[in-house]
Amino acid sequence: MVCAIMTWLLVVYADFVVTFVMLLPSKDFWYSVINGVLFNCLAVLALSSHLRTMLTDPGAVPKGNATKEYMESLQLKPGEVIYKCPKCCSIKPERAHHCSICKRCIRKMDHHCPWVNNCVGEKNQRFFVLFTMYIALISAHALILCGFQFFSCVRGQWIECSDFSPPVTVILMIFLCLEGFLFLTFTAVMFGTQIHSICNDETEIERLKSEKPTWERRLRWEGMKSVFGGQPSLLWINPFAGFRIRRLLLRAKKGGPEFSV
């Protein structure tokens, strides 16, 4: 939760510096409006993707379902093999892995991400990809705005450059540049890794363990369609697609998607 809250605070800090230190004091009205609307829209999309990743069930397998009655209900064929997780006493579906932090088996588990306080798995990988993409975009946007602002302030000898004093403005911008550079590097690499995994139909755990595929791989566009759903459209980059407030409230009452059975 500390990492998740830090993510929100850092985005809010970036929005504060961009809006109140760089854009509002600007004399160019349309420059401020266009960049302000663009940056805040990207920030809303990034935080929405973060929430969807954090609150969506990643594909948790019900705990303790490895009972005699349940296995009889599967109507297994002679010679068919199923696997039981010794840690959470559940029947492990193909490509499921046990998460030692969530203490659950997760379908197509890629990794456990502390920044979203959840596993990245079969059902929420799409939102995690959007989260990394939008964070990378607002980080790049913030760095570009910092460059323009610094150039403008130096050219104008820091006169009417900002509503804050020059030392405070410099400190705020330097911290924003460091934050933007670190987040841009991290999220861009993570975004590329996720897209590569999706196009190869191979999770990060499967890649690290060098597991030989026993499933029919969905490569490139087929893999993208299976994660993002349907044909390519604007819905692919919309974190609000399929959002149901009632469903979210019901999950919250049960104690969160990760721990509900």
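Model, not experiment: these values are computed from the prediction. (Residues numbered from 1 in each chain as written. Predicted model: local features only at pLDDT ≥ 70, side-chain atom pairs only at ≥ 80, totals over all residues. Heavy atoms only, no water.)

K.L.:
Mind laying out the UniProt feature "transmembrane region" (unreviewed entry) in the protein, listing which residues take part and the relevant values?
P.N.:
This chain's UniProt record puts "transmembrane region" (unreviewed entry) on residues 30-47, 127-150 and 170-191. The annotated region residues 127-150 carries 100% helix and 0% strand content, and the separation between its end C-alpha atoms amounts to 34 Å. For residues 170-191, helix accounts for 100% and strand for 0%, while the C-alpha atoms at its two ends are 31 Å apart. (UniProt positions renumbered as here; feature names shortened; annotations may be inferred. Helix = DSSP H or I, 4+ residues; strand = E, 2+ residues; numbered from the N terminus.)

K.L.:
Summarise the pattern of salt bridges; cite the residues concerned and give the values.
P.N.:
Working definition: two side chains of opposite charge can pair if their charged atoms are close together. For the structure shown, the criterion picks out five salt bridges. Linking Arg95 and Asp201 is a salt bridge whose minimum nitrogen-to-oxygen distance equals 3.0 Å. Of this pair, Arg95 sits in the loop between β2 (91-92) and β3 (96-99) while Asp201 sits in the loop between α5 (166-200) and α6 (204-208), placing them 106 residues apart in sequence. You can call Asp201 buried: its relative accessible area is 8%. With a shortest N-O distance of 2.9 Å, Glu206 and Arg95 are connected by a salt bridge. Highlighted residues: Glu206 in helix α6 and Arg95 in the loop between β2 and β3, separated in sequence by 111 residues. In this structure, Glu206 and Arg95 share a single accessibility class: buried. Through salt bridges that share partners, Arg95, Lys108, Asp201 and Glu206 make up one connected network. (Salt bridge = Lys/Arg side-chain N within 4 Å of Asp/Glu carboxyl O. Buried < 20%, exposed > 50% of the residue type's maximum accessible area, 1.4 Å probe, protein only.)

K.L.:
Describe in detail the environment of Gly242, supporting the description with residues and values.
P.N.:
By the secondary structure assignment, Gly242 is in the loop between α7 (221-228) and α8 (245-253). Residues Gly242 and Glu69, 173 residues apart in the sequence, show an inter-C-alpha distance of 34 Å.

K.L.:
If you had to explain helix α4 (residues 125-155) to someone new, which residues and values would you point to?
P.N.:
The end-to-end C-alpha separation of α4 is 45 Å, in line with the 45 Å expected for 31 residues at 1.5 Å each. Phi for Gln157, located one or two positions after α4, is positive at around 55°. (Expected span 1.5 Å × (residues − 1).)

K.L.:
Just give me the short version of the UniProt feature "domain: Palmitoyltransferase DHHC" (unreviewed entry) in the protein, but keep the residues and values in it.
P.N.:
In this numbering, the UniProt entry assigns the feature "domain: Palmitoyltransferase DHHC" (unreviewed entry) to residues 84-210. Secondary structure content for residues 84-210 is 56% helix and 13% strand, and the end C-alpha separation is 21 Å.

K.L.:
Describe the packing of aromatic side chains, and please don't skip the residues or the numbers.
P.N.:
All told, the structure shown has eight aromatic pairs when counted by the stated rule. Here Phe16 and Phe164 contribute two aromatic rings whose centre-to-centre distance is 6.2 Å and whose plane-to-plane angle is 75°, an arrangement assigned as edge-to-face. Highlighted residues: Phe16 in helix α1 (residues 2-23) and Phe164 in the loop between α4 and α5, separated in sequence by 148 residues. Under the relative-accessibility criterion, Phe164 is labelled partly exposed at 32%. Taken together, the ring pairs in this structure connect Phe16, Phe20 and Phe164 into an aromatic cluster. (Phe/Tyr/Trp six-rings, centres within 6.5 Å; stacked < 30°, edge-to-face > 60°.)

K.L.:
Summarise the side chain of Thr53; cite the residues concerned and give the values.
P.N.:
Relative to the assigned elements, Thr53 resides in helix α2 (residues 29-55). A residue is classified by how much of its surface remains accessible, and Thr53, at 0% relative accessible area, is buried. Setting aside residues up to four positions removed in sequence, Thr53 forms contacts with Val116, Asn118, Asn124, Phe127, Phe128 and Phe131. (Contact = heavy atoms within 4.5 Å.)

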